[in-house]
Amino acid sequence: MSARKPARSPTMGGVGEELTHSDFSREHRRDYRRKVQLSLDVFETMLAQSSFDFEKPLTGMEIECNLVDSDYQPAMSNAEVLASIADPAYQTELGAYNIEFNVPPRRLPGRAALELEDEVRASLNAAEVKANNHGAHIVMIGILPTLMPEHLSGHWMSESNRYQALNDSIFTARGEDIMIDIAGPERLSLQTASIAPESACTSMQLHLQVSPADFADNWNAAQVLAGPQLALGANSPYFFGHHLWSETRIELFAQATDTRPDELKTQGVRPRVWFGERWITSIFDLFEENVRYFPSLLPELSDEDPVAELAQGRTPHLSELRLHNGTIYRWNRPVYDVVNGRPHLRVENRVLPAGPTVLDMMANSAFYYGMLRALSEEDRPLWTKMSFAAAQSNFMAAAQHGMDARMYWPGLGEVTPDELVLRQLLPMAEEGLRRWEVAADVRDRYLGVIEGRAKTGRNGAAWQAAAVGAFQDRGMSRPAALAEMLRLYCEQMHSNDPVHTWDLPG
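Residues numbered from 1 in each chain as written. Predicted model: local features only at pLDDT ≥ 70, side-chain atom pairs only at ≥ 80, totals over all residues. Heavy atoms only, no water.

Description of the overall build of the protein chain
The line we're drawing: Where helices and strands are cited, they refer to DSSP runs of H or I of at least four residues and of E of at least two residues respectively, numbered from the N terminus. Put simply, the radius of gyration uses C-alpha atoms, and a globule should come to 2.2 Å times the residue count raised to 0.38. The cut-offs for exposure are 20% and 50% of the maximum accessible area for each residue type, with area from a 1.4 Å probe on protein chains only; residues under the lower value are buried, those over the upper are exposed, and the others partly exposed. Contact between two residues is taken to exist if any of their heavy atoms lie within 4.5 Å; hydrogens are not considered. Under the counting rule used here, the positive set is Lys and Arg, the negative set is Asp and Glu, and His together with the chain ends is not counted. Positions of charges follow a simple convention, taking NZ of Lys, CZ of Arg, CG of Asp or CD of Glu.
Broken down by element type, the protein chain carries 16 helices and 15 strands. For 506 residues, the compact-globule estimate of 2.2 N^0.38 gives 23 Å, and the C-alpha radius of gyration of the protein chain, at 22 Å, lies within 12% of that figure. Along the first, second and third principal axes, the C-alpha atoms of the protein chain reach 70 × 50 × 45 Å. Looking at the protein chain residue by residue over its 506 residues, the buried ones come to 61%. Nonlocal contacts in the protein chain, meaning residues at least 24 apart in sequence, comprise 77% of its contacts between residues at least 6 apart. Charge-centre separation for the protein chain: the mean point of 47 positive side chains lies 3 Å from the mean point of 68 negative side chains.

This is the structure we're talking about:
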């Protein structure tokens, strides 16, 4: 995920600039708190008065990737690889074995998605050639399965004030080491003195530009969808050699960035990786919660006077509010941004892991955008028929069990993901994409992948676990089986065949 920095997409006007400080005084923190509150007040005024850009809504995508060497072990070489790629669309991530690809934003109608699929594949293939020159390969996967504790004990972090400041702030807030404790088929329990395990979590983030009036419906819809979305897309069953959840990334991310010692958890202090706790009526609800509940982690001050900017008819950048918002890791995050002097709002969906193929990720995004359109425009929305707690329970069940999860759905009761998707959600996604004016053959291509995944019950996590099991049945050790699985994964990743059609070791 991107605990390492606020949501950043240079092509969509991001907020991931480097920090000028890595430590902050008490006075600095006090001034930052005042500035965040002031920015929140200005944002409230803007929502009532300002003209936000949304007439031609853009979608955006960020893909976090891993680097591996010829033995499919983590390659701590992102600085060299990025220098060779020399494309501003590719950026560092927290770990020296991570890079991020920011996909240029575009509109949804017509055949735009097919063009995007071709462009993403071409860009990643070109980046792979450059990475090969440094003995590295690029892998799109939720958690790199060959990553082991020894890889994160040395120089694992990318060079950056931001990452170091984030690490230091989390541990200052905690006052003690972080405990990673994840149950599953093979429970993992360990202590860590840095946020290094968080670097293992690599995701695909989807952005949708929306109007202030439509934001709440789209965010609520994204929260309803999070469970089924994750069950279909799970791709992170292994961490540090242990077989854990279908989407271990969800729980690992939450634990690896937790600023709360046990006493604060017991008091009910909210975690910074947060599903939320209620349906909303405005985007302001989310920003207000963020300011009310969460102390600052990176209190960097700007020179902007947002009140004066607004009074003079300019668009305030609200840097402090955006930076603060970027250190609270909602699975569906609200984003305020400014591009070419015009403010806009986005829902940033952070639910899905990266991979397995570009086609799989395009299918996941088409399903998401189609479902969001259909759910957000219903006369009697689903979130009026189910509790927020039920949506959160669905999300956690999907993270643990993937396609074997059981979820609650209004009108159906308890249901499995395959039944829910095939009976109800695919027709809704089809209708939503039709309303987006997506061409029929494009709808068929991507929703056909979702249908295949639902019918076979095979997502990335299921394929990984089955392949490792097959290699171990041949007598391989777990580390050898993970490396061989990843080799086969990479081979089929480059084929762009969807994961539900992938061969397993015979």
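Additional details are given in the paragraphs that follow.
Structural notes on the packing of helix α11 (residues 358-376) against helix α14 (residues 440-456)
For clarity, the cut-off: Lines fitted to C-alpha atoms define the axes, with helix axes restricted to the stretch in contact, and inter-axis angles between N-to-C directions lie between 0 and 180 degrees. Orientation categories follow fixed angle ranges, with anything under 35 degrees roughly parallel, anything over 145 roughly antiparallel, 65 to 115 roughly perpendicular, and all other angles oblique. For this scheme, ten residues count as nonpolar: Ala, Val, Leu, Ile, Met, Phe, Trp, Tyr, Cys and Pro. Four count as charged, namely Asp, Glu, Lys and Arg, and the remainder, Gly too, count as polar.
Orientation of α11 relative to α14, taken along the N-to-C sense of each, is 100 degrees, at an axis distance of 8 Å. Between α11 and α14, the interaxial angle falls into the category roughly perpendicular. Counted together, Leu359, Asp360, Met362, Ala363, Asn364, Ala366 and Phe367 of α11 and Arg445, Tyr446, Leu447, Val449, Ile450 and Arg453 of α14 form the full contact between these two elements. Of the residues assigned to the contact of α11 with α14, the class counts are nine nonpolar, one polar and three charged.

Focus: the layout of surface pockets
For clarity, the threshold we go by: Using a grid of 1 Å spacing that covers the protein atoms alone, one calls a set of points a cavity when a 1.4 Å probe fits there but cannot get out, and a pocket when the set is open and has protein on both sides within 12 Å along at least five of seven lines; lining residues are those with an atom within 4 Å of a point. Grid points are joined across faces, edges and corners, and a volume is the space filled by probe spheres set on the points.
In this structure, the largest pocket occupies an estimated 520 Å³ of space. Arg33, Arg272, Phe294, Pro295 and Ser296 are, among the 23 residues lining the largest pocket, the residues nearest its centre. Those elements giving two or more residues to the lining of the largest pocket turn out to be α1 (26-49), α4 (161-174) and α8 (283-293). Its residues placed into classes, the lining of the largest pocket shows 10 nonpolar, six polar and seven charged. When its volume is computed, the second largest pocket comes out at roughly 430 Å³.

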